[in-house]
Amino acid sequence: MLIYILKRLLIAVPLIFGVLTLTFFIIRLAPGDPAAFFIQPGISPNVAEQIRAQYGLNDPLPVQYFKWLANVLQGDFGRSFSRAQQPVFDVIAEALPITVIIAGLTLVANFTFGILIGIISAVRQNTFLDRFLTVTALFFYSMPEFWFALMMIILFALKFPVFPVSGLNEIGAESYGPIGFLLDRLWHLVLPVTVLSINGAAGIARYVRGSMLEVIRQDYIRTARAKGLPEHVVIFKHALRNALLPVITLMGSSLPFIFSGALFIEVIFAFPGMGRVTVEAIFARDYPLIIANTFISGSLIVLGNLFADVLYAVADPRIKL
Amino acid sequence: MIETCADRVSVAFRLAAALFIVLNMLAFSACSRNNGGNGKGAKSSAAMDSTLVIAMLGDADYLNPVIGATVTSSNIFGLIYPSLLQSEFDTTTGLMNYMALEKKLREVTPGQGKKAPKGALAKSWHMSDDHKSLTYILRNDAHWDDGKPVVSADFKFSYQLYGNPVIASARQQYLAELVGADKGRIDFDKAIETPNDTTLVFRFYKPVPEHLALFHTSLTPLPRHRWKDVKADEFRHSPLNLEPLGAGPYKLKNWQQQQEIVLVSNRKSNLPKPGTIPAISFKVVPDYTVRLTQLQTGAVDVVENIKPEDFTALLKANHQLEIKTVGLRVYDYVGWSNIDQDEYRKSGTCKPHPLFGSARVRLALTTAIDRQAIIDGYLKQYGVVCNNDISPSLKWAYNNRITPHAFDAEHASALLKVEGWLPGPDGILQKNGRRFSFVLYTNAGNARRNYASVIIQQNLRAIGIDCKLDVQESNVFFENLQARKLDAWMAGWSIGLEIDPLDVWGSDLKKSRFNFAGYRNPRIDELCELAKQKMDPVGAKPYWLEYQEILHRDQPITFLYWIKETQGFSKRIEGEDLNISGTFYNVDDWRLRPSANIAQ
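Reference entry: report on the structure contained in this document. (Residues numbered from 1 in each chain as written. Chains lettered and ligands numbered in written order. Predicted model: local features only at pLDDT ≥ 70, side-chain atom pairs only at ≥ 80, totals over all residues.)

All names here are of chain B. Here we have three strands laid out as an open sheet, ordered β14-β15-β16, and antiparallel in their pairing. The sheet is open, and its two borders are formed by β14 (422–423) and β16 (434–435), each paired with just one other strand. Pairing of strand β15 (residues 429–431) with β16, which is carried by two bridges, proceeds in the antiparallel orientation. Within β16, the position partnered with K431 by the bridge is R434. (Pairing = 2+ DSSP bridges. Helix = DSSP H or I, 4+ residues; strand = E, 2+ residues; numbered from the N terminus.)

Next comes the structure, spelled out in structure tokens:
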């Protein structure tokens, strides 16, 4: 298996590198100019030119590419154009913890509620409860997140002012002390995490229900019931463990989400996470930051898939790597 | 094997579920701790009573006056750094006034002049008779926050930074009249002299009107002793940018990038005094709906650019809010390409555009568009029909004898008929086999322009013109506009307070980068030049009156409406004086009423 992992990692290097090269050319060939902000009446025409020279954008494209390549091979992804020329990984390092907290909490909630609802639906198949849960899950699953977020804000911030609408902390939260500060932070996270996890959990519930229904019909479940095991043991010990295997794939593919962030939620709740960094970089034509983000998300997608494949092999001995 | 792995998975899920439940409980306990989780309860805390919260759409780029280029940045660094002069827009005359401690450019109109000149670093100034040098006498009691005096060398040093091409300051245009600028390289030794710590002399290569000289020489200084060792190529990413050393009424307490900038009153400041409100928080809230919600719940005190359609609901929901407006500085227009852009791009020659090349056709288009209907339907009392690009707020120059071209579809049709545009078999006007059909482009994400473009489309259809609508991403739209790839578009300008329209209307299309329409009228060039030569702006009034008449006649574009920008304010703010020069122009004098005194 170790050889398999090493092989996959080695293949990943040219793959990610190819993605970066493509991104490099696509963003430069797309319309838009990183110095466009400086082209306006009252600003000397020289400024945009000077800014482009600073960013090295006046060189021919192949020269820019080889210069970029030389830097990247030394681990230098450059400085952001739009964020006060901070090194791009500093920008990402600031945004990442916020995204990881939100996404981490969301994933935990997603899988917890998703699996619970999935099991109930499967065990009580075709009852009123199953139909109710299925319809509700579909309802939330089909709802656009940004709209749902706004509805939650109207409900819980305007009609019943229970939760704060935006930001990570209250004004003056520093004076609450470390515990108070943390609690204040969590209080601010309730709405966004709820929005994200209701939508995600509904999706996972559908997977678990399907997989659970398949497992429940297997011979060994009938055997377990036949030997007189209590129903909860049959469900949780025998059926659930096997039904959860496909969920592992979902977990692997969720890895990039943890780091790439949820754009709408970050914009609506004003969290400076990775989703906002990426999209603002695209709008500002901040080339180095776009490439660094692509690098991070590209690597994570590759690693996530590898992780899922490995977990699969670990969980199911029929799969040989 | 399956068993063990499934065991692990199951244990992990159990742990995760437990963790989530604990976190949620913590969250809810935090919520109940805050007065039942009521946002207003949290707001009644002492921190909120002493903090003014202003919502911003995005973060400041730099809190450094040399390189900070966004409006947000200049709002904030304007409070941190001192300024050489105090400037004020006189709403009675529409002229800018500049004030030193002991001198004013103009006498202040009664009822105006709320800004005390105490914050100015200059005691006085003297403009030479030939208008080629300007000497400032600085006060000697001004100090940076670290105790070092503010001296003339700080200004010279700062101007060298503003003029350094490696630093690429967006304000280098202000140095365009200094000695050497005409030859492409400013000679700082001659252009700025500092004979002693309190004397500062600027020299120009040509005579410069006094108001313009004052405007261009009063760029915000940086402390030389703090910045002198920073190399030009490291200037933009120097860590000093995060710790601004100023002398103004506020100082930076905390800057959490992309989240919040907190300023606190600078107790040491005598320029003019420590800010009245103890702390100001500039909070980044990117989503418009959320900014509105925050204003409604009282989590923020000021939200700029509220859409007129939201006023009623907002004011009904919270009686402690009010909408305030500033002067007319922003207008929207429909641009018509006066020249054949394809031909110009290919050969550089200017031929009339097949559709919009004639002034009569453009006049017909303006007459066919019901501008008042757009205002009534969207902007309501916050819009005014626009005739040209000199704002009615610039009262000294505004030509109020011009009557707007009234909406008159029949007149428009008659004008087009004279030009040979006659209805074709499909009802669309035709001339020499060409249908009057075009695409009107605009940038994405502007509700006002979307609204206007639909009305324009209907209006034009009514007289037999086929106008298709297309929305482009802002960057792409702007690039296409610059590359002269669009025949018709809708956009807007925010005007400067000093009139200088050559960039937008100059006949030399290579120089006039923003003359997207390709309008060329030598008389406009002449008038702009004549106006520039006047040493007193009011002396140029006849030129500007004629300028407006020409634009009104030629209709290079269809000017739609002036927009009164509308800002949402909490009534707990007192002493605010909104002005065309900015919403936050006297924010250091604002006061906050304690929440206990606000009627519920």
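Next comes the rest of the account.
Residue-level contacts link 62 residues of chain A with 64 residues of chain B. At the level of elements, α2 (45–55), α4 (88–123), α6 (145–159), α7 (177–216), α9 (231–243), α11 (263–268) and α13 (287–315) of chain A are the ones that each hand at least two residues to the side of chain A that touches chain B. Counting residues per element, the side of chain A that touches chain B draws most heavily on α4 of chain A, at seven residues. Taken together, the residues that form the side of chain A that touches chain B break down as 40 nonpolar, 14 polar and eight charged. (Contact = placed C-beta atoms within 7 Å. Nonpolar A, V, L, I, M, F, W, Y, C, P; charged D, E, K, R; others polar.)

The next subject is the sheet that holds strand β7 (residues 199–203) of chain B. Residue and element names in this part refer to chain B. If you trace the four strands from one edge of the open sheet to the other, you get β4-β5-β7-β6, paired in antiparallel fashion. A single partner strand is all that each edge strand has here, and the edge strands are β4 (122–127) and β6 (192–196). Across this sheet, the average inter-strand angle for adjacent strands is 20 degrees, counted without regard to direction. Bridge count between β6 and β7: three bridges; the pairing is antiparallel. Paired with I192 across the two strands is F202, which belongs to β7. Docked against the sheet, helix α5 (residues 152–162) engages β5 (133–138), β6 and β7, running at close to 165 degrees with respect to β6. (Axes fitted to C-alpha atoms, helices over the stretch in contact; angles between N-to-C directions.)

Turning next to the pairing of β7 of chain B. All names here are of chain B. Taking every second residue as pointing to the same face, the buried face of β7 carries L200 and F202, while none of T199, V201 and R203 on the other face is buried. As paired elements, β5 and β7 share five bridges and run antiparallel to each other. Residue Y136 lies in a different strand from β7, and its bridge partner there is L200. In this antiparallel pair of consecutive strands, β6 and β7, the connection spans two residues. (Buried ≥ 20, exposed ≤ 12 C-beta atoms within 10 Å, placed from the backbone.)

Residues and elements named next belong to chain B. Two numbers describe how helix α13 (residues 371–379) lies on helix α15 (residues 447–462): the axes approach to 10 Å, and their chain directions differ by 140 degrees. The angle between the axes of α13 and α15 places the two elements in the oblique class. Of the two elements, α13 crosses α15, and the hand of that crossing is right-handed. Where α13 abuts α15, its residues A373, I374, G377 and Y378 lie against R448, Y451, A452 and I455. Of the residues contributing to the contact of α13 with α15, the split by class is six nonpolar, one polar and one charged. (Parallel < 35°, antiparallel > 145°, perpendicular 65-115°, else oblique. Left-handed = near helix turned anticlockwise from the far one by under 90°.)

Everything listed here is a matter of coordinates, which is why it stays silent on function.
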